[in-house]
Amino acid sequence: MQSFPAWVVRRAESDGGRGAATASLETLDSDFLDGLSSDDDAGSGPMIDTVVRVEYSSVNYKDALALTGRPGVVRRWPLVPGIDATGVVIESHGPWRPGDVVTLNGAGLGESLHGGLAGRAHVEGSRLVAVPPTMSARQAAAIGTAGFTAMLSVLAIERHGVTPQDGPVLVTGASGGVGSIAVSLLAHAGFEVTASTGRVATQSAFLTELGATDVIDRAELAEAGKPMQTQRWAAVVDAVGGPTLVNAVAQLRHGGVAAACGLAQSADYVGTVLPYILRGVTLAGINSVEASGEERRAAWDRLESDVDLRLLDGLTSVVPLSAAREVADRVLAGGVRGRTVVEIGG
Ligand SMILES: NC(=O)c1ccc[n+]([C@@H]2O[C@H](COP(=O)([O-])OP(=O)(O)OC[C@H]3O[C@@H](n4cnc5c(N)ncnc54)[C@H](OP(=O)(O)O)[C@@H]3O)[C@@H](O)[C@H]2O)c1
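Residues numbered from 1 in each chain as written. Predicted model: local features only at pLDDT ≥ 70, side-chain atom pairs only at ≥ 80, totals over all residues. Heavy atoms only, no water.

Caption draft 1: Representation of the overall build of the protein chain within the structure. Helix and strand counts for the protein chain stand at 12 helices and 15 strands. The C-alpha radius of gyration of the protein chain comes to 20 Å, within 12% of the 20 Å expected for a compact globule of 346 residues. Dimensions of the protein chain, computed from the C-alpha atoms along their principal axes, are close to 65 × 50 × 40 Å. Across the 346 residues that make up the protein chain, the buried fraction comes to 54%. Put simply, of all contacts in the protein chain between residues at least 6 apart along the chain, 71% involve residues at least 24 apart. Looking at the protein chain as shown, the accessible area adds up to about 14400 Å², and 50% of this sits on carbon and sulfur atoms. (Helix = DSSP H or I, 4+ residues; strand = E, 2+ residues; numbered from the N terminus. Rg over C-alpha atoms; globule rule 2.2 N^0.38 Å. Buried < 20%, exposed > 50% of the residue type's maximum accessible area, 1.4 Å probe, protein only. Contact = heavy atoms within 4.5 Å. Areas by Shrake-Rupley, 256 points an atom, 1.4 Å probe, with all protein chains shown as cover.)

Pasting the structure below:
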């Protein structure tokens with residue numbers, strides 16, 4: 001049986017096996033991956049029918065939490081973290097053939113199912129998406145959950161009927177993974193984009209290069225404000241939650257929409273209903289994890305046509321598997337820009 005490298009999050013034996021969680025780089029064989037999927041109740045769990053040789057994963061905010069032992073992401077122990085996996089199908093009892101180059105974002109990976117920070121992944125074939133022929137596996141991994149979520153947010157804004165003619169749009173957490181790709185996608189779609197960041201001094205040129213026409217300091221939105229504020233945005237893509245999202249909603253123009261996808265500032269939402277009932281605004285929740293196969297293919301079709309691969313390469317760093325834990329620390333400290341792809345190797 002072939003072995004492969006993998007990050008594994010384990011809980012310490014203390015407190016009846018509920019002690020502190022830590023991640024370590026280990027060598028596994030596929031029995032380890034089978035163990036978890038066979039725990040699911042017959043018929044009620046996901047249909048794990050496809051084996052992928054993972055070439056690339058990435059470090060999303062959730063992966064940073066998992067790799068540093070923080071709560072809220074890993075739901076079973078021990079678990080291979082990594083909510084993204086891109087690679088080559090080795091075996092499938094689903095719709096795939098050996099040699100197909102595929103990618104998977106979320107769908108329980110790295111949360112309740114073993115994830116992508118490993119040389120192999122056993123996954124649900126129905127949630128896989130073929131890597132578009134116009135991009136490399138590394139570029140698909142650079143898009144990853146962050147870009148998929150940014151695209152779902154843009155699609156939600158469009159579904160709501162907001163067009164570039166309706167006014168400027170705001171992206172919060174703009175220098176991060178979701179934010180930076182959202183800025184570039186919205187600019188590509190013709191929107192005038194304002195990027196909100198805590199790193200105006202160092203990241204303004206980067207955000208302008210991605211297509212932002214204005215960059216504001218996130219401090220402008222970070223504290224609780226008035227329930228109704230000057231109308232500024234036709235739409236918002238919010239990666240940070242908390243008072244930032246409440247203020248952004250309070251600044252939406254009549255009939256505007258905020259796509260809420262993140263909580264980097266806070267999971268709290270302490271606001272009033274006034275913008276909803278006086279300006280008819282909408283809060284659209286974005287959930288990349290549970291997206292259906294159809295939603296995934298629709299989003300990836302748009303990613304294939306809309307992502308500027310030159311800009312994508314410019315916002316991507318590539319690290320070896322062994323560096324994932326160190327990158328996680330930097331993500332949580334707010335020190336990472338754009339996307340970090342993890343090359344599995346080995
Ligand atoms: N709903 C979904 O399906 C889904 C999918 C993917 C991600 N997410 C969530 O979306 C968020 C962003 O994910 P990501 O992978 O893009 O993370 P990331 O790369 O770490 O980006 C997060 C960005 O948020 C900003 N930020 C960090 N701390 C902040 C604070 N205290 N106050 C205000 N802004 C802060 C920073 O941007 P600046 O430096 O520019 O200020 C940071 O770069 C996370 O909460 C993640 O869990 C949700």
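Caption draft 2: Just the nonpolar core, in detail. Among the nonpolar cores identified, the biggest contains 53 residues, and I157, V171, V183, L185, L186, L207 and W300 are the most heavily contacted of them. Looking at this core, the element that brings in the most residues is helix α4 (residues 137-159), giving 14 residues. Per-domain counts for this core show at least three residues from each of domain 1 (3-131 + 315-343) and domain 2 (145-285). Other than its neighbours up to four places away in sequence, V183 contacts V171, A174, V193, A195, L207, L210, G211 and A212. (Core = buried A, V, L, I, M, F, W, Y, C linked by side-chain atoms within 4.5 Å. Domains from an automatic or database assignment.)

Caption draft 3: Up close: a nonpolar patch on the surface. Taken together, the side chains of V273, L274, I277 and L278 define a hydrophobic patch exposed on the protein surface, amounting to about 380 Å² of accessible area. Of note, V273 is situated in the loop between β12 (252-260) and α9 (274-279). (Patch = residues over 30% accessible without salt bridge, like charges linked within 9 Å, V, L, I, M, F, W, Y side chains within 5 Å. Salt bridge = Lys/Arg side-chain N within 4 Å of Asp/Glu carboxyl O.)

Caption draft 4: Looking closely at the pairing of strand β4 (residues 84-92). Taking burial as the measure, the 9 residues of β4 include 7 buried ones, the bulk of the element. Looking at chain direction, strand β3 (residues 48-58) and β4 are connected through 6 bridges and run antiparallel. Its bridge partner lying in β4, V51 is registered against E91. Where β4 lies against strand β5 (residues 101-105), 5 bridges are found, and the strand directions are antiparallel. Note that in β5 the partner of V88 across the bridge is V101. (Pairing = 2+ DSSP bridges.)

Caption draft 5: Looking closely at the domain arrangement of the protein chain. Segmentation of the protein chain into domains returns domain 1 (3-131 + 315-343) and domain 2 (145-285). Here the C-alpha centroids of domain 1 and domain 2 sit 29 Å apart. Opposite the 13 residues of domain 1 that make contact, domain 2 presents 14 residues. Contact between domain 1 and domain 2 buries roughly 970 Å² in total, counting both sides, with carbon and sulfur atoms accounting for 57%. Considering only the side of domain 1, the residues that lose the most area to domain 2 are N105, L315 and R337, jointly responsible for 47% of the buried surface there. Across the domain 1-domain 2 interface, the total number found is 0 salt bridges. Counting across the interface, domain 1 meets domain 2 through 6 residue pairs in polar contact (both at pLDDT 80 or more). Residues belonging to the side of domain 1 that touches domain 2 are distributed by class as follows: 4 nonpolar, 6 polar and 3 charged. (Buried area = accessible area lost by both parts, 1.4 Å probe. Polar contact = N/O pair within 3.5 Å; in protein donor to acceptor, adjacent residues only side chain to side chain. Nonpolar A, V, L, I, M, F, W, Y, C, P; charged D, E, K, R; others polar.)

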